Every structure is written in structure tokens, then in C-alpha cells.
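# Summary of the model geometry
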Amino acid sequence: MLRRVGFLGEAPRRLEDDRALELRPIDRRRILLREHPDRLSIDLDLGLGGADRAGEAAEDGVVFQQVGEGLGCREVVDGEDFDPEVGARRGGAEDVAADASKPLMPMRIVMEVELGAVQEPGRGRGRRYAETYPAGNPGSATRRACAGAGRALSVFRFPQLQRSMRSLLLALSIAAGLLIACQNTQKQKMLANRQDAARVYYDEGDLARAESMARLALEIEPNDPMTLSILGMSLVRVGASVDDANEVVKALNEAIRTFEKAEDSGGDGLFQVQFGHGTARTQRARMYMLRSDRNEKRIGESLGSRPQPLMDELTTPTDIAKELEKIQNDIKSDREHAKIDLGIAESRLISANAQRPKELACLEMLQTAYALQSKFETSAKWGEEAVAMIGTDRDAWLNLMRRQGIRPEQSDKIQNTIRTLDRQEVNSRSLLALAYTRLGRFHEAILDLDRVLSLDPDRIEDYFNRGVARQDAKDFASAVIDYETFLRRSTLPTDSTMVKDTWDRLGVCRKALAAAAAAEAQNPQKK
């Protein structure tokens, strides 16, 4: 039982060390350095002399730190002198070194290293830690700010304040890191959602919305290779769907720039980027070649196919010579650009095929690229591989239907798959027949074109192609039938180059048949 104990306040806390307690009870403002802003000490500790009543019982075997005795003070537990110069204190948390074997949060490790400079007042070592972080890394601005604050704190000479501020800065740094992580997660989710939407629109053939959604995704991450590849392929298909040659080239130019940006952004190893870039280059080379062919025909016809108002302007031989020279320069430029595009397309498509050897679209584009380069042997090789793969896939689907007892008309998915395979076979066989014709393998070309027209009787141009193959194979009667079918069903204008060529070939075949009939009439036994 303690005698003559006055009304006591709370025990001294960590930042409220006593200075040896050489104070009287009437000296009520006794907290060192006045850490609290209140004018009175905590809990309004009052000192009353002569009061014989107990304040509270002893705890853990140690009585109160100080008791009142008359008008003086006595220490039951000896006080500890506090020296501001040294910064020693009682009851504080001990600094424990981090265990290297236990992984810590990177942000916490950074803060411990940066703010460790404040242990030595006046040195300002926080600067060198702040300068080790390059600008642009996530959280680097926060880390540099905290390091600068640590440098500022190093001029203070109060360890308690330094430790408190260090803990506060550490908490702010961790909070900033978590905020950045949350923002990045939300950003990635939004990017993935827009990518998926763009891909769905592209697969459905809604190219305008696919392009729009891809551009929205690029607003989140401008250099994302996958998004750039979706945008590039949308532009390629948009170019293929318009009739204006200038608009086609414009769309293909933007598509090629998009794929180049995707490659520079780290997408040079993605199949979509390689295949898309090769496809865009192949299509643009084709446009260059078509334009050069038209210009050559203009020269061959002595500018006769040009509009009459423009012909009226070229009234002198000098004007005509200048115009012919300009056209020849355009032809040369287009051929050079086509050659460059086809070389780049070949390398990109070979790289894409190495990643996905069984991708039919890639095989068909390789077949086209080599055909445009007049490498018909190589083009035929890729075409044969594509046709064989299409047949294998179709057989696999048909066998699956037989095992499950499903007819094609009972499943929309199977019907769509079969129709897609048919379209791919039509394209591959048509191009393969062209290669066979150029290689002199006319009978193989005729067989492929028979298959094409059986799958798609509305491919009017393949009647012309089969007529050419039959004419070269000396089957003039069958060639006449194909040419006449083409002329009857074609919607091309009568003055178009292809229609004119068909009439010329039809005339040659009819003359050949007439000559054969005359020879037979003169020598019936030879028949």
C-alpha cells in the first residue's frame, strides 16, 4: 500500500521520457521537449501535497515509477538521464537488422536503404540513393521523393522524430506502390477487354468496328504488339474490300506502318505480326504490279485508252513524248517497289510459317507471294501443301460427323467450317492452276480448275483461265466453250482488256477448229 500518493496521470510513454524526475509535484508541465502541443501535460496531471490515498496497485511486481512524499519527489524505480546530444532513450524499439534469408517487399527494402541515411545527422546521404533510380520506372518518383525527404531529415538531431518520419514515409511509399499496382491491373483488364472485342469484330467481318475498337485499345497502350496486329489486319481487309486503287494503297500503307511499329515494340516474334506484315506487303506489291501492267498497256495502245479531253491536251509530239517518258518512269518505280515489298513479304511469311507450319492462310499467302515473283515452281509447292492440308481437315470433320451420326445441315458450326475449307480450296487450286499453266503442266491445271468450278460455279474468271489451259493443251473445242461461257456471264465492260483478250483467243481457237475441219475434209482417211 502506497502512502501519501497524489492523483497520478498516465505512465510516461515512448516519446515522453523523464529527465531523472528531479521535479516537484507542483511542476506539472514536466514532459521533456514538450512533445504534446497542449499547454498542460497529458491528462492534466495535478500534484496535491498531503493526500493519503492510493492511486493504483502495483503491476507486474513493480510499483509506480514515482510517488509523492510531502512536497518533494522520490524515485522508487531509478530514472534514466536523457541526453539530447546522444539521443539515448529508455523503452524504445530496438533496431533489428533485416534477415537476408527472408524475402521482403521490394518497396520496403528500397525505403530502408534510402532512409538509412538519416541515422547519421548532417550527412545528407539520401541524395546518392535517390540518383540511382532512373526516371520512368513504376514508383521511381515516389522513391526519389522519399529519398529526398530522408536527406532533409538527416539535418535534424532528434532520433524520435527521425524514426517517426521514417515510418511515415515508408507507409506512404508502400501505399503509392500499391496504388500504382492497382492502376496497372485495371489498365491491363481494360486493354484485354478492348482487344477481345476488336478480335471478335474482326472474326465476324465487322472491320469498321474492329478498327475502331483497336484504336481505343491503343489509347491505353500505344505500343501493344497484339493490338497493333489486329489494327493492321483490319486495315488490310478494308483495303481488299474497296474498288478505288488509291484507297487500297492508302489502307495498305497505313497497315504496313502499323506492323512496323508492332515489330519495333517487341512484336517481331509474334505470328500475327509476321503474317500480317507479310500479307500487307504482298497485297501492296500486287497493286504496284497491276498499276504497272495498266501503264504498259497504255503505252502499247499509244495512249488510246486515255480520256479524250486529256488526249486533246497532248496535241504535239513533244507533249506525247513527255507523257510516255513519265509513264515509263512510273512503271519502273512501281516494279522496284513491288520487288522490295515481295522480298520483305517472303521473309516475314517464312518466319510466320516456321511458327505455325499448318496455318492455311500463311500457306496461301506464300503461294501468292512466289507467284507474283514468277517463281512458279515454289508457288506450286506451297499450293500443293495447302490443298493437301485442306483435304485432310475436311476428311477429319466428315469422319467426326459419321462417328457421331450428325449430318452437315444439323450443325451450323460444321457447315461454316466446311464452307470455309471450300473457299480456301478454291483459292489455292485457282492459283495452283495458274502456276501449272505457266509451267506447261496443262492437264494438271485443267483438273484443278474443274474442281474449282465444281465448288464455285460463279467464279467467272476461272472459265477464262480453264479456256487458256485448254487452248495451250490444243483442246480448242473445249476452250471455245469456256471462252463463250465467260463472255456470256461476265459483267466486265466490253472494252475491258480481259474481254478483248477473250475475243482474240476465241477467234484463234475457231480458226484452229476450222483449219482442222478443212484438213479432215480433204483427207477423211486420216481421221
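Residues numbered from 1 in each chain as written. Predicted model: local features only at pLDDT ≥ 70, side-chain atom pairs only at ≥ 80, totals over all residues. Heavy atoms only, no water.

Another aspect to go through is the overall build of the protein. Within the protein one finds 17 helices and two strands. Going through the 527 residues of the protein one by one, you find that 35% of them count as buried. Counting only carbon and sulfur atoms, one obtains 53% of the accessible surface of the protein, whose full area is about 31600 Å². (Helix = DSSP H or I, 4+ residues; strand = E, 2+ residues; numbered from the N terminus. Buried < 20%, exposed > 50% of the residue type's maximum accessible area, 1.4 Å probe, protein only. Areas by Shrake-Rupley, 256 points an atom, 1.4 Å probe, with all protein chains shown as cover.)

Here Glu364 lies in helix H11 (residues 360-372). Here Glu364 occupies a buried position and makes no salt bridge, while the nearest side chain of opposite charge, Arg423, is found at 9.2 Å. Ignoring anything within four residues of it in the chain, the contact list for Glu364 reads Ile390, Gln424 and Ser428. (Lys, Arg positive; Asp, Glu negative; His and termini not counted. Salt bridge = Lys/Arg side-chain N within 4 Å of Asp/Glu carboxyl O. Contact = heavy atoms within 4.5 Å.)

This part is about the packing of helix H14 (residues 442-455) against helix H15 (residues 460-472). Where H14 meets H15, the closest approach of the two axes is 9 Å, and the angle between their N-to-C directions is 155 degrees. Relative to H15, the element H14 is oriented roughly antiparallel. The way H14 lies across H15 gives a crossing that is left-handed. Contact with H14, carried on its side by Phe442, Ala445, Ile446, Leu449, Asp450, Val452 and Leu453, involves Asp462, Tyr463, Asn465, Arg466, Ala469, Arg470 and Asp472 of H15 and no other residues of that element. (Axes fitted to C-alpha atoms, helices over the stretch in contact; angles between N-to-C directions. Parallel < 35°, antiparallel > 145°, perpendicular 65-115°, else oblique. Left-handed = near helix turned anticlockwise from the far one by under 90°.)

This part is about helix H12 (residues 376-404). Along an α-helix, residues three or four apart share an orientation, since each turn contains 3.6 residues. The end-to-end C-alpha separation of H12 is 42 Å, in line with the 42 Å expected for 29 residues at 1.5 Å each. Restricting attention to buried positions, one finds in H12 the residues Phe376, Ser379, Ala380, Trp382, Gly383, Ala386, Val387, Met389, Ile390, Arg394 and Met401. (Expected span 1.5 Å × (residues − 1).)

To continue, consider helix H13 (residues 412-438). The end-to-end C-alpha separation of H13 is 39 Å, in line with the 39 Å expected for 27 residues at 1.5 Å each. In the stretch just after H13, Gly440 is the one whose phi turns positive, near 80 degrees.

Tallied over the entire structure, the rule returns three aromatic pairs. A centroid spacing of 5.8 Å and a plane angle of 50 degrees characterise the contact between Phe464 and Phe486, whose relative ring orientation is tilted. Remark: Phe486 occurs in helix H16 (residues 476-489) and Phe464 occurs in helix H15; sequence separation between them is 22 residues. An identical accessibility class is assigned to Phe464 and Phe486; each is buried. By the ring-pair criterion, three or more aromatic residues cluster together here, those being Phe464, Tyr483 and Phe486. Here the guanidinium or amino end of Arg237 rests over the ring plane of Tyr202, the centre of that ring lying 4.7 Å away. Over the ring of Trp382 we find Lys381; its NZ or CZ atom is 3.9 Å from the centre of that ring. (Phe/Tyr/Trp six-rings, centres within 6.5 Å; stacked < 30°, edge-to-face > 60°. Lys NZ or Arg CZ within 6 Å of the ring centre and 35° of its normal.)

With that settled, consider the confidence of the model for the protein. Here the protein shows a mean pLDDT of 74. Residues at 70 or above account for 64%. Contacts of residues 1-9 to residues separated by more than four positions or lying in other chains number 23 contacts, the stretch itself having pLDDT below 50. Contacts from residues 57-82, a stretch scored under 50 in pLDDT, to residues over four places away or in other chains number 50 contacts. (pLDDT = per-residue confidence, 0-100.)

Summarising the element assignment, Thr497 is placed in helix H17 (residues 497-522). Residue class for Thr497 comes out partly exposed when judged on its relative accessible area of 41%. A C-alpha to C-alpha distance of 8.9 Å links Thr497 and Lys297, two positions 200 residues apart in sequence.

With 40 residues, the main nonpolar core has Phe275, Leu349 and Leu360 as its most contacted residues. Setting aside residues no more than four positions away along its own chain, Leu360 makes contact with Ala386, Met389, Ile390, Asp393, Leu421 and Gln424. (Core = buried A, V, L, I, M, F, W, Y, C linked by side-chain atoms within 4.5 Å.)

Let us now look at the packing of H11 against H13. Packing of H11 against H13 brings their axes to within 10 Å, and their N-to-C directions diverge by 20 degrees. Here H13 runs roughly parallel to H11, going by the angle between their axes. The two elements H11 and H13 meet at a crossing, and its hand is left-handed. Across from Leu360, Glu364, Gln367, Thr368 and Ala371 in H11, the residues of H13 making contact are Leu421, Gln424, Ser428, Leu431 and Leu432.

Examined against the element boundaries, Ser496 turns out to sit in the loop between H16 and H17. Of the polar contacts made by the side chain of Ser496, one reaches the backbone oxygen of Pro493; its length is 2.9 Å. (Polar contact = N/O pair within 3.5 Å; in protein donor to acceptor, adjacent residues only side chain to side chain.)

Right, let's talk about the environment of Glu346 for a bit. Along the chain, Glu346 falls in helix H10 (residues 317-355). Sequence spacing of Glu346 and Thr282 is 64 residues, and the spatial spacing of their C-alpha atoms is 8.4 Å. In contact with Glu346, not counting residues within four places along its chain, are Tyr370, Gln373 and Lys375.

Here we take up unusual backbone geometry. Phi at Ser374 takes a positive value of approximately 60 degrees, unusual for a residue other than glycine. Structurally, Ser374 can be placed in the loop between H11 and H12. One non-glycine residue, Lys474, lies in the positive phi region at around 70 degrees. The residue Lys474 is located in the loop between H15 and H16 in this model. For Lys474, a relative accessible area of 62% gives the class exposed.

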